[in-house]
Amino acid sequence: INSISIELYSLANEIFLNEKMFLSIAQDKYQMASIYNKMNEDSLALSSIMEADSLLTLSGRDDSRLRERIASTRAMILYNIGRQDEARGIIISLINSSDDKTSMMSCGMLADIYYNEGQYDSAIYYYERYFSMHKFSRMDAARRIIEICNITGDSEKAAQYAPYLAEDTADEIALTSV
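Residues numbered from 1 in each chain as written. Predicted model: local features only at pLDDT ≥ 70, side-chain atom pairs only at ≥ 80, totals over all residues. Heavy atoms only, no water.

Draft legend 1. How the structure looks around the overall build of the chain. Secondary structure summary: the chain contains eight helices and zero strands in total. Starting at the N terminus, the α and β elements of the chain follow one another as α-α-α-α-α-α-α-α. The 178 residues of the chain split such that 34% are buried. Restricting to contacts in the chain with at least 6 residues of sequence separation, those with at least 24 account for 51%. Total accessible area on the chain stands at roughly 10700 Å², and carbon and sulfur atoms take up 54% of it. (Helix = DSSP H or I, 4+ residues; strand = E, 2+ residues; numbered from the N terminus. Buried < 20%, exposed > 50% of the residue type's maximum accessible area, 1.4 Å probe, protein only. Contact = heavy atoms within 4.5 Å. Areas by Shrake-Rupley, 256 points an atom, 1.4 Å probe, with all protein chains shown as cover.)

Draft legend 2. Region of interest: the pattern of salt bridges. Summed over the entire model, instances satisfying the criterion amount to eight salt bridges. Across the pair Asp53 and Arg67 runs a salt bridge whose closest N-O atoms are separated by 2.7 Å. Placement of the pair is Asp53 in helix α2 (residues 42–59) and Arg67 in helix α3 (residues 64–80), with a sequence separation of 14 residues. Judged by relative accessible area, which is 24%, Asp53 ranks as partly exposed. Overall, the relative accessible area of 31% leaves Arg67 in the partly exposed class. Each of Asp85, Arg88 and Glu117 takes part in a single network of salt bridges with overlapping partners. (Salt bridge = Lys/Arg side-chain N within 4 Å of Asp/Glu carboxyl O.)

Draft legend 3. Examining the confidence of the model for the chain more closely. Confidence in the prediction for the chain averages 83 pLDDT; 83% of positions are at 70 or higher. When the elements of the chain are averaged for pLDDT, helix α8 (residues 155–176) gives the smallest value, 74, and helix α4 (residues 84–94) the largest, 91. (pLDDT = per-residue confidence, 0-100.)

Draft legend 4. Seen up close, the nonpolar core. In terms of nonpolar packing, the biggest core is built from 43 residues, with Ile49, Ile70, Tyr126 and Tyr127 touching the most fellow members. Elements represented by at least two residues in this core include exactly α1 (2–38), α2, α3, α4, α5 (100–116), α6 (120–131), α7 (135–152) and α8. In terms of residue count, α5 provides more of this core than any other element does, eight residues in total. Ignoring anything within four residues of it in the chain, the contact list for Ile70 reads Tyr30, Ile49, Ala52, Asp53 and Leu56. (Core = buried A, V, L, I, M, F, W, Y, C linked by side-chain atoms within 4.5 Å.)

Draft legend 5. How the structure looks around unusual backbone geometry. One non-glycine residue, Asn40, lies in positive phi territory at about 60°. Turning to its location among the elements, Asn40 is positioned in the loop between α1 and α2. For Asn40, a relative accessible area of 60% gives the class exposed.

Draft legend 6. Expanded view of the packing of aromatic side chains. Tallied over the full model, the rule gives three aromatic pairs. Relative to Tyr126, the ring of Tyr114 has its centre 5.9 Å away and its plane inclined at 20°; by these criteria the two rings are stacked. Highlighted residues: Tyr114 in helix α5 and Tyr126 in helix α6, separated in sequence by twelve residues. Note on Tyr114: relative accessible area 11%, which makes it buried. A ring pair is formed by Tyr125 and Tyr126, whose centres lie 4.8 Å apart and whose planes are at 90°; its orientation type is edge-to-face. For Tyr126, a relative accessible area of 14% gives the class buried. In textbook terms, an aromatic cluster arises when at least three aromatic residues are bridged by ring pairs, as seen for Tyr114, Tyr125 and Tyr126. Above the ring of Tyr115, the side-chain terminus of Arg144 is found at 4.3 Å from the ring centroid. (Phe/Tyr/Trp six-rings, centres within 6.5 Å; stacked < 30°, edge-to-face > 60°. Lys NZ or Arg CZ within 6 Å of the ring centre and 35° of its normal.)

Spelled out as structure tokens, the structure:
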């Protein structure tokens, strides 16, 4: 009985070590995918992010933050290679994330997709959601909303967001001149 117990504990330790290795490798593959994405190495980025997702699943860990970062990066890669519908579906699923940063980035990404597709009403909707989340997202969203308003001729909405852009820009100039 003792030798069987020792063997079971040994096997349990091996499984535990493998699960930890899967998680660690998943994190590394995520980082590699992010780097490949910045280098515009789309096929390497996509294969790395898919491996990261599979390894995270194999790890048996419920690391929702890493899973959301993997999904967000996967959406960016898919969008870059022309698979916009898949990317949009992933982004929409991330918008209501419990992680504020993931939610903010998802709103900004979806707004950018709609902006690039010329769907200005949808872009404004998501830029307005993105607007209130963080000082830097507010500046970016205000700039994009004003750009859209210049295209569509909506001077009232442009006037609504212009003070925010001017105020945040002035703050940034003041910070950089110190």
